Amino acid sequence: MSIRVRFAPSPTGYLHIGGARTALFNWLYARHTGGTFVLRIEDTDAARNTQEAVDVILNGMRWLGLDWDEGPLTGDAKGPSKGDFGPYFQSQRGEIYKRRVQELKDKGFAYDHEGAVKFRMTREPVVIPDIVVGDVTRELTDREQADPDFVIVRSDGQPVFHFVNVVDDLEMNITHVLRGEDHLSNTAKHVAMFKAFGVEPPKYGHIPLILNIDGSKMSKRDKGASLNTYQEEGFVPEAVVNYLSLLGWSPKNNREKLTMEELIQLFDVPGILRSNAKFDFEKLHWLDGEYIREMSPERFRQLGLEALQRAKFPLEKFPADYVNAALDTCRGKVKNFAELGPYAGFYFADEVTVAPEAIAKDFTPENLPRLKKLRDAFARLEEFKATNLEQALKAIAAESGVKAGVLVHPTRMACTGNTAGPSLYHLLEVLGKETVLNRFDAALAQV
RNA sequence: GACCCUAUGGUCUAGCGGUUAGGACACCUCCCUUUCACGGAGGUAGCCCGGGUUCGAUUCCCGGUAGGGUCGCCA
């Protein structure tokens, strides 16, 4: 029988990074096995569900490259979808739930209670077969012993999560459920309901949670908890996917960088770990840098352009060739596109600021004559090209009896306002003679 | 309070009775170099604790401790 898995997020207005990882694992499992990946929107809590909130999820999934075989085509609950098991919005499945509630009542597993409907839960310990952690025998807690039954339909007529989740998995023929470990305890309820329906439950696999770096639970407000921040801060989606795949799963061969194709090939349930993982921003940052360095020049230009536009640089004031040339000097230098603004901002500024401390350090009285000579040598250059610039600077350094660095640092500071940046000679070429001389003069005037 | 899961350097992890405990991020040193980044060489740092089982435990069992999760007419 073909494997059918699903990702069933609730439209809360953002896509939690842990939810994205859950989606990824399910997607990888479907692709690895040649199965079907279903996207179902759990919007039973009508009050806080909006089309915008659903779009956030769809956009996030698409950004990561996780396509679904069945599910909504738009964020509109009443809109089009694909697949034979719809509707894929729970808000549209009311009739199915009504029928299933009646079935439970008829079988004696459900009863009315003060306007709500409750499920008659077993009083015995429930064995939860879990393909990740093994069989888990779940005993009733003290509170559950006092009242084991739980509400499946609210008094306002709305069915609750535990019930619709089970009904949908059943109706949609879901064979495997990979979900966060926070659902493990509740799975006893789900298993009991499947039994009440007389149906074998799907194979459950509870994957470990993603925690903050300090070990606390990563909740909505924590930095980096929303996938959206990675989209907005210019991360490469492949890097995010790669990093996420390494949290709670291991290829077990010391590989760190894996393409989507490799992930699909290697991903399997036995590789899923059992312990929670802390989100290490530094490692994601490293991976992002790897992907940025290896991407094509064209894509680097494109993503770099978008990042600079987000950062509100007045790019329209510059020729496209200039912007591209500027971007090209940054390739292999930044590990994240959000760094591009501070790194390359001097290309698009009217003037740069050179800190007084930098003037004091680099533009010393003894260095001043050399810098003036350099400035004039630059001014005399017919062709303002990197090779010529390098030649000129090294010639001045040689005849002055100093290392190139003595001239390089002040020049960089004068032209960019920074101590680090793209290759000096190349950035000077891009900046052009006029700008370089202007900035040189402005810095010299500060001495 | 009860129930459940987990436990290898700071972080992600390999390991599945005998290993100099391996890799990656981060950090430190050096080399390369026009800065940074990259690359190269090296380094600091780890099996939570206590009992068993065994000739031998990081590895198996039990207990403790710690972390996380769950017990909603939220999902």
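Before reading further, recall that the structure is shown in the block above.
Now for a look at the structure at hand. Just so you know, the residues in each chain are numbered from 1, in the order the chain's sequence is written. Ligands are numbered from 1 and chains lettered from A, in the order in which they are written. It should be noted that, the model being predicted, local features are given only for residues of pLDDT at least 70 and side-chain atom pairs only at 80 or more, the latter also being counted only at that level, while totals for whole chains, interfaces and linings use all residues. As a convention, hydrogens and water are excluded, and side-chain values are obtained from all of the structure's heavy atoms.

**Looking at the overall build of chain A**
Now for step 1: Secondary structure elements follow DSSP: runs of H or I no shorter than four residues count as helices, runs of E no shorter than two count as strands, and numbering proceeds from the N terminus. For chain A, the count of helices and strands is 19 helices and 13 strands.
Now for step 2: The cut-offs for exposure are 20% and 50% of the maximum accessible area for each residue type, with area from a 1.4 Å probe on protein chains only; residues under the lower value are buried, those over the upper are exposed, and the others partly exposed. Counting every position in chain A, which comprises 447 residues, the buried fraction comes to 51%.
Now for step 3: We call two residues in contact whenever any of their non-hydrogen atoms come within 4.5 Å of each other. For chain A, contacts bridging at least 24 residues in sequence account for 73% of all contacts bridging at least 6.
Now for step 4: Accessible area for chain A stands at about 20900 Å²; split by element, carbon and sulfur atoms hold 50% of it.
Now for step 5: Only four residue types enter the charge count, namely Lys and Arg as positive and Asp and Glu as negative; His and the chain termini do not. In this description, the location of a charge corresponds to atom NZ of lysine, CZ of arginine, CG of aspartate or CD of glutamate. In chain A, the 56 positive side-chain charges and the 63 negative ones have mean positions that sit 2 Å from each other. Throughout, the Shrake-Rupley method with a 1.4 Å probe supplies accessible areas, and for residues the shown protein chains are the sole cover considered.

**Here's the deal with helix H1 (residues 17-33)**
The periodicity of an α-helix, 3.6 residues per turn, causes residues three or four places apart in sequence to face the same way.
Now for step 1: Here H1 is 17 residues long and its end C-alpha atoms lie 24 Å apart, about the 24 Å a rise of 1.5 Å per residue gives.
Now for step 2: Across the 17 residues of H1, 14 count as buried, placing the element largely inside the fold.
Now for step 3: Where H1 terminates, the next one or two residues include Gly 34, which has phi positive at roughly 75 degrees. To estimate how far a helix should reach, multiply one less than its number of residues by 1.5 Å.

**Thoughts on unusual backbone geometry**
Now for step 1: Put simply, Gly 86 and Pro 87 share a cis peptide bond, and its omega is 0 degrees.
Now for step 2: The residue Pro 87 is located in the loop between strand E4 (81-82) and helix H3 (94-106) in this model.
Now for step 3: Non-glycine residue Lys 252 carries a positive phi angle of around 60 degrees.
Now for step 4: Assignment of secondary structure puts Lys 252 in the loop between helix H8 (237-245) and helix H9 (260-266).
Now for step 5: The exposure class of Lys 252 is exposed, given its relative accessible area of 57%.
Now for step 6: For Asn 254, which is not a glycine, the phi torsion comes out positive at approximately 65 degrees.
Now for step 7: A relative accessible area of 77% means that Asn 254 is categorised as exposed.

**Here's the deal with the nonpolar core**
Now for step 1: Nonpolar cores are built from buried Ala, Val, Leu, Ile, Met, Phe, Trp, Tyr and Cys residues. Side-chain atoms within 4.5 Å join them into one set. Phe 279, Tyr 347 and Phe 378 are the most contacted members of the largest nonpolar core, which totals 109 residues.
Now for step 2: Sorting elements by how many residues they give to this core places H1 first, with nine residues.
Now for step 3: Excluding its chain neighbours within four sequence positions, the residues that come into contact with Phe 279 are Ile 17, Ile 210, Leu 211, Asn 212, Ile 213, Met 218, Tyr 230, Tyr 243, Leu 244, Leu 247 and Leu 284.
Now for step 4: Judged by nonpolar contacts, the second largest core, of 32 residues, contains Val 38, Val 126, Ile 128 and Phe 194.

**Structural notes on the sheet that holds strand E5 (residues 110-113)**
Now for step 1: Following DSSP output, two strands are said to pair if at least two bridges run between them. With respect to topology, three strands assemble into an open sheet ordered E5-E6-E9, the strand pairing being antiparallel. For this open sheet the edge positions go to E5 and strand E9 (150-153), each flanked by a neighbour on one side alone. Neighbour to neighbour, the strand axes of the sheet diverge by 45 degrees on average, direction disregarded.
Now for step 2: Bridge count for strand E6 (residues 116-119) against E9 is three bridges, and the pairing is antiparallel. Note on method: axes are straight lines fitted to C-alpha atoms, helices fitted across the in-contact stretch only, with angles between N-to-C directions ranging 0 to 180 degrees.

**Examining the packing of aromatic side chains**
Now for step 1: Any pair of Phe, Tyr and Trp rings, taking the six-membered ring for Trp, is counted once the centres come within 6.5 Å. Such a pair is stacked with planes under 30 degrees apart, edge-to-face with planes over 60 apart, and tilted for the rest. According to the stated counting rule, one finds 19 aromatic pairs in the structure shown.
Now for step 2: A ring pair is formed by Phe 235 and Phe 281, whose centres lie 5.8 Å apart and whose planes are at 85 degrees; its orientation type is edge-to-face. Of the two residues, Phe 235 sits in the loop between helix H7 (227-232) and H8 while Phe 281 sits in helix H10 (residues 281-294), which places them 46 residues apart along the sequence.
Now for step 3: With relative accessibility at 5%, the residue Phe 235 sits in the buried group.
Now for step 4: Consider the rings of Tyr 243 and Phe 279, whose centres lie 5.1 Å apart with planes at 80 degrees: the pair is edge-to-face. You can see Tyr 243 sitting in helix H8 and its partner Phe 279 sitting in the loop between strand E13 (277-278) and H10, a full 36 residues away along the chain. Of the two residues, Tyr 243 and Phe 279, neither departs from the other in class, the shared state being buried.
Now for step 5: Ring-pair connections join several aromatic residues into one group, and the members of that group are Phe 313, Phe 318, Tyr 322, Phe 346, Tyr 347 and Phe 348.
Now for step 6: Working rule: Lys NZ or Arg CZ, within 6 Å of ring centre, within 35 degrees of ring normal, means a charge sits over the ring. Taking the ring centre of Phe 197 as reference, the NZ or CZ of Arg 100 above it sits at 5.1 Å.

**Section: the layout of surface pockets**
Now for step 1: Put plainly, a pocket is an open set of points on a 1 Å grid over the protein atoms alone with protein on both sides within 12 Å along at least five of seven lines, a cavity is a set where a 1.4 Å probe fits but cannot get out, and a lining residue has an atom within 4 Å of a point. Grid points are joined across faces, edges and corners, and a volume is the space filled by probe spheres set on the points. Quantified by volume, the largest pocket comes out at close to 950 Å³.
Now for step 2: What lines the largest pocket is a set of 33 residues, among which Ser 10, His 16, Gly 19, Asp 182 and His 183 lie closest to the centre.
Now for step 3: Listed by contribution, the elements that provide at least two residues to the lining of the largest pocket are strand E1 (4-7), H1, helix H5 (161-171) and strand E10 (176-180).
Now for step 4: For the lining of the largest pocket, the element with the highest residue contribution is H1, accounting for four residues.

**A closer look at the pairing of E10**
Now for step 1: In terms of burial, E10 is a largely internal element, five of the five residues being buried.
Now for step 2: Strand direction decides the pairing type here: E10 and strand E11 (residues 203-207), joined by five bridges, are parallel. Along E11, the bridge assignment pairs Gly 180 with Ile 207.
Now for step 3: Classification remark: right-handed applies to a crossover when, strands pointing away from the viewer, the course from the first strand over the helix to the second runs clockwise. Each parallel crossover has a hand, and the one from E10 via helix H6 (residues 187-196) to E11 is right-handed.

**Brief notes about the protein's contact with RNA strand B**
Now for step 1: Think of it this way: one heavy atom of a residue within 4 Å of a molecule or strand is enough to make that residue near it. Within the structure, RNA strand B sits among 66 residues, and Asp 142, Arg 154, Lys 217, Lys 333 and Gly 421 are positioned closest to it.
Now for step 2: Here a sugar or linking oxygen of RNA strand B sits 3.0 Å away from a polar atom, N or O, in the side chain of Arg 138.
Now for step 3: The contact in question runs from a sugar or linking oxygen of RNA strand B to an N or O atom on the side chain of Thr 141, over 3.4 Å.
Now for step 4: For the surface near RNA strand B, the secondary-structure elements that each account for two or more residues are strand E8 (136-138), helix H4 (142-146), H5, E13, H10, helix H17 (404-416) and helix H18 (424-431).
Now for step 5: The biggest single contributor to the surface near RNA strand B is H10, with four residues.
Now for step 6: Of the residues contributing to the surface near RNA strand B, the split by class is 20 nonpolar, 20 polar and 26 charged. Throughout this description, a polar contact denotes any pair of N or O atoms lying within 3.5 Å of each other; where both atoms belong to protein, one of them has to be capable of donating a hydrogen while the other can accept it, and for residues adjacent in sequence the pair is counted only when both atoms sit in side chains. For this classification, Asp, Glu, Lys and Arg are treated as charged, while Ala, Val, Leu, Ile, Met, Phe, Trp, Tyr, Cys and Pro are nonpolar and the rest, including Gly, are polar.

Limitation: the analysis is restricted to geometry and does not speak to function.
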